[in-house]
Amino acid sequence: MADDTPSFRGATSRRGFLTTTGAGVGAFALAGCLGGGNGGNGNGNGNGNGAGGEAPGAGGDLVMTTSSSGTTAYAASQGISAAVEENGDGDVRVDARPSEGTDANVARLDREESDISYIQNWTAARLREGEKPFDDLSYQPCQVFHLYNLPWIFATANGDWTSVTDIAGESRVVPTPRGSGTRPALEYGLDYATDAEYDRTSVQYGDLGSAFSEGRIDSAAITILNGDIEPGWVQEMKGSVDLRLLDWPDEAVSQMREDDRLFVSDVDMTKFDGYDYAPDTLPSITFAYNFVVRDDLDYDTLYALLETLYEARENLSDYNALLGYHADPEYWVTDMYDGMPFHPAAADFYEEIGVWRDEFERYEE
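Residues numbered from 1 in each chain as written. Predicted model: local features only at pLDDT ≥ 70, side-chain atom pairs only at ≥ 80, totals over all residues. Heavy atoms only, no water.

Caption draft 1: Inspection of the overall build of the protein chain at higher detail. Scanning the protein chain from terminus to terminus reveals nine helices and ten strands. Out of the 365 residues in the protein chain, the part that is buried amounts to 57%. In the protein chain, the share of contacts with a sequence separation of at least 24, taken over all contacts with a separation of at least 6, comes to 78%. Accessible surface, the protein chain: about 14100 Å² in total, of which carbon and sulfur atoms supply 41%. (Helix = DSSP H or I, 4+ residues; strand = E, 2+ residues; numbered from the N terminus. Buried < 20%, exposed > 50% of the residue type's maximum accessible area, 1.4 Å probe, protein only. Contact = heavy atoms within 4.5 Å. Areas by Shrake-Rupley, 256 points an atom, 1.4 Å probe, with all protein chains shown as cover.)

What follows is the structure, given as structure tokens:
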């Protein structure tokens, strides 16, 4: 399933803070050889881990995958690669490559085609529960650091709508474009608020404004990165239609907050303007994107990556604006997944810089 992290060109910024929930670390004891030595097969990135061979990444070369080219996530990974190259001492190198998204990244790590990849909490929940196709992995996923959050809000151009409960059987709804990794979770969340058999349709982000103005859709999900940054395509929509943001019923929000699969955050809308209607605070189905690695990734290489990026944290925004959040040491461990351990190199690094928390779990072989 592709993961769609839309471009944020033309965005404006404001800071937000979000939280997440999960299960115990033992729930990640997935089928397969978790924590043992990998046998046999090499891979195309030079990090093969044959019997008795070096750990993945031992040579200092890391393949990083996020999402498809043209997305915010891929641009951020290119920024990370450039920052490591220009600020490191040569001990670690990052090759940023495009990927189909979070599900594909889990598989790429399994095949050792990637060394460090991002996933989001919806994928993490499915990993925790051992759902197919994640029921026979050859490794234990281990957390490294937080990239960003994407809260999603349902919008409309229908002048009398104020809530997602206005979605009815004949409504045409775009819960992100077809193929997006966020779409199933948004549809799942909507079921808490409405049992309407609405028409699930697909429109690309840049075409939503014209679809609204031409009356081809009734509602679509929009996002505000970190509860802080409006994408350019959202700003364009506000300029072309009277865009209204839909609230949620309290009971549905309470139920979603209790659901381990969902991450619900509150977005402060008071400093955004240009909407025809927007509550001051909007509950939002949110996706926390964090980098993960195999449990057997080389310790020294991963530690060197974190050390290099951290020492350059004040200037990371020069490589990609999104990386500016990492100037705050606490941001590196924001909204990590409960129930998934940290790689030992990450655990030691965060203890060293003073941001490790008692509730975090360290992977023990």
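Caption draft 2: View of empty space enclosed by the protein. A complete count under the given rule lists two cavities of 30 Å³ or more for this structure. By volume, the second largest cavity is sized at about 50 Å³. Along the walls of the second largest cavity sit Ile80, Ala83, Phe145, Leu309, Leu316, Leu323, His326 and Trp332, which together make up its complete lining. Residue composition of the lining of the second largest cavity, grouped by class: seven nonpolar, one polar and no charged. (1 Å grid on protein atoms, 1.4 Å probe; cavity = no way out; pocket = protein on both sides within 12 Å on 5 of 7 lines; lining within 4 Å. Points joined across faces, edges and corners; volume = space filled by probe spheres on them. Nonpolar A, V, L, I, M, F, W, Y, C, P; charged D, E, K, R; others polar.)

Caption draft 3: Representation of helix H6 (residues 232-240) in the model. Buried within H6 are the following residues: Gly232, Trp233, Val234, Met237 and Lys238. Looking at the buried side of H6, the elements it contacts are helix H5 (208-213) and strand E7 (219-223).

Caption draft 4: A look at the packing of aromatic side chains. For the structure on display, the rule yields 21 aromatic pairs. Here the aromatic rings of Tyr325 and Tyr331 are separated by 5.3 Å at their centres, their planes lie at 20 degrees, and the arrangement is stacked. Like Tyr331, Tyr325 is buried. Ring plane angle 70 degrees and centroid distance 5.2 Å describe the contact between Trp356 and Phe360, whose orientation is recorded as edge-to-face. For the cation-ring pair, Lys238 lies above Tyr275, with the distance from its terminal atom to the ring centre recorded as 4.4 Å. In this structure, Arg261 packs its charged tip against the face of Trp122, placed 5.3 Å from the ring centre. (Phe/Tyr/Trp six-rings, centres within 6.5 Å; stacked < 30°, edge-to-face > 60°. Lys NZ or Arg CZ within 6 Å of the ring centre and 35° of its normal.)

Caption draft 5: Focus on the side chain of Ser265. Mapped onto the fold, Ser265 is located in strand E9 (residues 264-268). Ser265 sits in the buried class, given a relative accessible area of 4%. Within the local environment of Ser265, its side chain forms a polar contact with the side chain of Thr286, the two groups lying 2.5 Å apart. (Polar contact = N/O pair within 3.5 Å; in protein donor to acceptor, adjacent residues only side chain to side chain.)

Caption draft 6: Broad picture of helix H4 (residues 183-190). Across the eight residues that make up H4, a large majority, six, are buried. Listed as buried for H4 are Arg183, Ala185, Leu186, Glu187, Gly189 and Leu190.

Caption draft 7: Seen up close, the nonpolar core. In terms of nonpolar packing, the biggest core is built from 93 residues, with Phe145, Tyr148, Trp248 and Tyr350 touching the most fellow members. For this core, the leading source of residues is strand E4 (residues 141-156), giving ten residues. Those residues within four positions of Trp248 in sequence are excluded, and the remaining contacts are Phe154, Val164, Gly189, Leu190, Ala193, Val253, Met256, Pro283 and Ile285. (Core = buried A, V, L, I, M, F, W, Y, C linked by side-chain atoms within 4.5 Å.)

Caption draft 8: Region of interest: the packing of helix H1 (residues 72-87) against helix H8 (residues 299-311). Two elements in contact, H1 and H8, have axes separated by 9 Å at closest approach and are oriented at 90 degrees. With respect to H8, the axis of H1 lies roughly perpendicular. Touching Ile80, Ala83, Val84 and Asn87 of H1 are Leu305, Thr308 and Leu309, all from H8. In terms of residue class, the contact of H1 with H8 is made up of five nonpolar, two polar and no charged. (Axes fitted to C-alpha atoms, helices over the stretch in contact; angles between N-to-C directions. Parallel < 35°, antiparallel > 145°, perpendicular 65-115°, else oblique.)

Caption draft 9: How the structure looks around the confidence of the model for the protein chain. A residue-level look at the protein chain finds 85% of positions with pLDDT of 70 or above and a mean pLDDT of 87. Confidence drops under a pLDDT of 50 for residues 9-52, and excluding neighbours within four residues, the segment shows 127 contacts in the predicted structure. (pLDDT = per-residue confidence, 0-100.)

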